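# Remarks on the overall topology
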Amino acid sequence: MAKVQIKVNDNGSLRVTGDVELLDGEGKPFVTKQTFSLCRCGLSNNKPFCDGSHKGRFQSVVRAPSTETNGQ
Ligand code: FES
C-alpha cells in the first residue's frame, strides 16, 4: 500500500495525499480524489472538506517536534 501523507497547513486545512478511504459517521464513503483537504477550523460549509472559509479567520501553526522526540 502506498504511503499516505497528511500535511497540517499553516492557518488552514489538513491536506491528505494518498490512497485513503474517507468515511462518514455511518461508514459510508465520500468520493475523494488522490489529494484533498479536510477542514480543521470548523468554518467550512462543505464539511468534512475545506472550502476556503478559514482564510483570514483561523490561526493555527503547528510544528512537529524534532525527530528524537516526535510522537512520544
Ligand atoms: S480549514 Fe479550510 S474551511 Fe476550515
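Residues numbered from 1 in each chain as written. Predicted model: local features only at pLDDT ≥ 70, side-chain atom pairs only at ≥ 80, totals over all residues. Heavy atoms only, no water.

### Some thoughts on the UniProt feature "domain: Iron-binding zinc finger CDGSH type" (unreviewed entry) in the protein chain
With numbering aligned to this structure, UniProt lists the feature "domain: Iron-binding zinc finger CDGSH type" (unreviewed entry) at residues 15-60. Structurally, residues 15-60 comprises 0% helix and 15% strand, and the distance from its first C-alpha atom to its last is 14 Å. (UniProt positions renumbered as here; feature names shortened; annotations may be inferred. Helix = DSSP H or I, 4+ residues; strand = E, 2+ residues; numbered from the N terminus.)

### Quick notes on the packing of aromatic side chains
This model, assessed by the stated rule, comprises two aromatic pairs. Considering the side-chain rings of Phe 36 and Phe 49, the 6.0 Å spacing of their centres and the 75° angle between planes classify their relative orientation as edge-to-face. Of this pair, Phe 36 sits in strand S3 (residues 35-38) while Phe 49 sits in the segment after S3, placing them 13 residues apart in sequence. Phe 49 carries the same exposure label as Phe 36, and that label is buried. (Phe/Tyr/Trp six-rings, centres within 6.5 Å; stacked < 30°, edge-to-face > 60°. Buried < 20%, exposed > 50% of the residue type's maximum accessible area, 1.4 Å probe, protein only.)

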